[in-house]
Amino acid sequence: MIWFTLTCLVSVSAGLAYWLWRADQRVQRLLEQAQLDMLERRRAENRYHFLIRNLPNTTVCMFDRNLRHIIADGELVTTTIPPGREMEGLTPEQVFPKDVVDILLPFYKAVFQGKPSRTEQHFRTRTYRITFLPMFEAGADTVELGTAVFLDVTEERATVTALRDQTHDLERSNRDLEQFAHVASHELKSPLRRIGSFADLLQSEFDAVLTPEGRQYIQHIGEGVQSLRQVIESLLTYSRVQPEQARARMVRVEMQTVIREAVRDLALLIHERRARVSITPSLPTLTADPILLRQLLGNLIANAIKFNTTGKRPLVRIEATRQLLYWEVRVTDNGPGIPANLQDKVFGMFQRFDSRVEGSGIGLALCKKIVGIHRGKIWCESPSEGGTVFVFTVPAGQSR
Amino acid sequence: MPTGRPVRILLVEDHPADVALARKAFARIATPVQLHVVLDGLEAMQFLHRTGRHANAERPDLVFLDLNMPRMDGREVLREVDADLTLRSIPVIVLTTSAADVDVNMAYSLCANSYLTKPVTFDEFLKLVQLIELYWLQTALIPR
């Protein structure tokens, strides 16, 4: 009996021990799992903290209904909050200065009405663009948390302002210059007309008393008047091309049509020089001021013909190729070519390189101005096999 | 326009050199012309209204008007003549260096009958005056 009792006891206690051991094992496992979960959570927390802290110029805050920050990290926290102090667990009142709180608190509160908002605020020396967003509970329309993302836009703002000021200054000085050119050329015209007219009268009325030398002088006066008159006309033409007006006139233009018009304008020159102008059939539709585009192409074609002093029959080829963001238009001639050291200078005002060819000295300067108004570039190349290529670009924009 | 007396022209021009050129050119045309010169808009209005120094002035048949002048410029003269019913019928020819669109539009919208820019050489100016003679003095009918 005793034996039986004993065996029972042993087996029961063994069972109990086994059971206890199993239970302990289970607890152990749960504990381990909890520890792992904790570690995983800490890791995740670490990751998003790392992420937030290293977002450039950005601070991210999440806060609960009591406006207590649950997550707060980023540039603003690391630079504004004293080291060692945490924003997490604290309300805006507890971390921000009073004036900042007064501005921000209404936004903090509005988030819990489900309303997102964005504001730009200047705190101390920095400017922040702040976006407040409500975070809804999964599958519900109650706001669980509010988020505030602070983006430091101080540098961006400063750059934009500086750029705006610079553009303004530049536009004003351009306008002044155009105004000056316009007024000056008008003011120059009258005295010049008098000089020329009285030189004429001197010649016609005093011819009998003039020596051959005297007549020569009068002729020099006349020539001087003529060239100065040309300069004034050129200045007026140049100053008449106004960027604002041109941009207001910009429309969709078929380049093919514009070239045909430019060629028609030059019919006499083309006929006299027996020139051939060939145009590739595939030309784009551009956004441009039709008057100026016609002037630009007309100038380039006329130059290609006029400056061909080789004695050969002038050939001009116009083609356009689409680059990624712009159209490149090439006007190629079979003229004498332009030496590399002069290729930039030809676009300057009153730069004349071939005295045998009559010209205003303004044509290419005007071309450069026109291309600039259309936000393109112009340059020239002279291939070793001869001839010159004038290339200009026009932004493709919405062109096909 | 065959009448006994020479054509009375009022030239409103401030620059003596331009006055001399105009005198020269008008002296070279066939039609007899009586040229009166005033130096600015103010004097032009005195001439037209026959007041002050010009109390004895006679009504001109044709007015040549410069635009840029001291004291009272041609634009103001056009405005005043345009508003005056007794003066409006006198043909006014603007003769100026300005080729600005605003000036051309302004002149024609007031009482200007013609707008001419001053040519650069005397020969061209003489040609212009001959054209004026042919049209305004020999072809067109104007109130006399």
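Every value quoted in this text rests on a predicted model; they were computed, and no experiment measured them.

## A short note on helix H11 (residues 363-373) of chain A
All names here are of chain A. Here H11 lies mainly inside the structure; nine of its eleven residues are buried. Residues of H11 that are buried: Gly363, Leu364, Ala365, Leu366, Cys367, Lys369, Ile370, Val371 and Ile373. Structurally, H11 contributes buried residues whose contacts are with helix H5 (154-205), helix H6 (212-240), helix H7 (243-248), helix H10 (290-306), strand E11 (378-381) and strand E12 (389-395). Two residues or fewer after H11 comes Arg375, characterised by a positive phi angle close to 60°.

## Considerations on the confidence of the model for chain B
Averaged over every residue, the pLDDT of chain B is 91; residues scoring 70 or more account for 98%. The complex model carries a pTM of 0.58, and its ipTM stands at 0.74.

## Overview of the interface of chain B and chain A
Between chain B and chain A, the residue contacts involve 17 residues of the former and 15 residues of the latter. Interface area for chain B against chain A, summed over the two sides, is near 1,400 Å², with a carbon-plus-sulfur share of 56%. Counting the surface chain B buries against chain A, the share from its top three residues, B:Leu21, B:Thr97 and B:Val120, is 38%. In this structure, B:Asp18 and A:Arg194 form a salt bridge, with 3.0 Å as the shortest nitrogen-oxygen distance. Taken together, the links from chain B to chain A amount to seven residue pairs in polar contact (both at pLDDT 80 or more).

## Some points on unusual backbone geometry
Note on backbone geometry: most residues besides glycine have negative phi, and most peptide bonds are trans. Backbone geometry places A:Leu67, a non-glycine residue, at a positive phi of 65°. When you line up the elements, A:Leu67 lands in the loop between strand E1 (58-63) and strand E2 (69-74).

## Some thoughts on the pattern of salt bridges
Charged atoms that come close allow side chains of opposite charge to pair. Within this structure, the stated rule accounts for 30 salt bridges over all chains. Note that B:Arg28 and A:Glu205 form a salt bridge whose closest N and O atoms lie 2.9 Å from each other. One end of the pair, B:Arg28, is in the loop between helix H1 (16-27) and strand E2 (33-38); the other, A:Glu205, is in helix H5, on a second chain. Given a relative accessible area of 37%, B:Arg28 falls into the partly exposed group. Through salt bridges with shared partners, a single ionic network connects A:Arg193, A:Arg194, B:Glu13, B:Asp18, B:Asp66 and B:Lys118.

## Re the sheet that holds strand E4 (residues 126-136) of chain A
Residues and elements named next belong to chain A. As summarised here, the arrangement of the five strands in space is E2-E1-E5-E4-E3, forming an open sheet in which the pairing is antiparallel. A strand with exactly one partner marks an edge of an open sheet, and here the two such strands are E2 and strand E3 (117-123). Taken over all neighbouring pairs, the strand axes of this sheet differ in orientation by 15° on average, direction set aside. One ladder, built from six bridges, connects E1 with strand E5 (residues 143-152); its direction is antiparallel. Among the inter-strand pairings, Cys61 is bridged to a residue of E5, identified as Ala148. The sheet contacts of helix H1 (residues 2-53) involve E1 and E2, and relative to E2 the element is tilted by about 50°. Taken strand by strand, H5 contacts E3, E4 and E5, and its axis lies near 125° from that of E4.

Conventions we followed
Residues numbered from 1 in each chain as written. Chains lettered and ligands numbered in written order. Predicted model: local features only at pLDDT ≥ 70, side-chain atom pairs only at ≥ 80, totals over all residues. Heavy atoms only, no water. Buried < 20%, exposed > 50% of the residue type's maximum accessible area, 1.4 Å probe, protein only. Helix = DSSP H or I, 4+ residues; strand = E, 2+ residues; numbered from the N terminus. Contact = heavy atoms within 4.5 Å. pLDDT = per-residue confidence, 0-100. Buried area = accessible area lost by both parts, 1.4 Å probe. Salt bridge = Lys/Arg side-chain N within 4 Å of Asp/Glu carboxyl O. Polar contact = N/O pair within 3.5 Å; in protein donor to acceptor, adjacent residues only side chain to side chain. Pairing = 2+ DSSP bridges. Axes fitted to C-alpha atoms, helices over the stretch in contact; angles between N-to-C directions.

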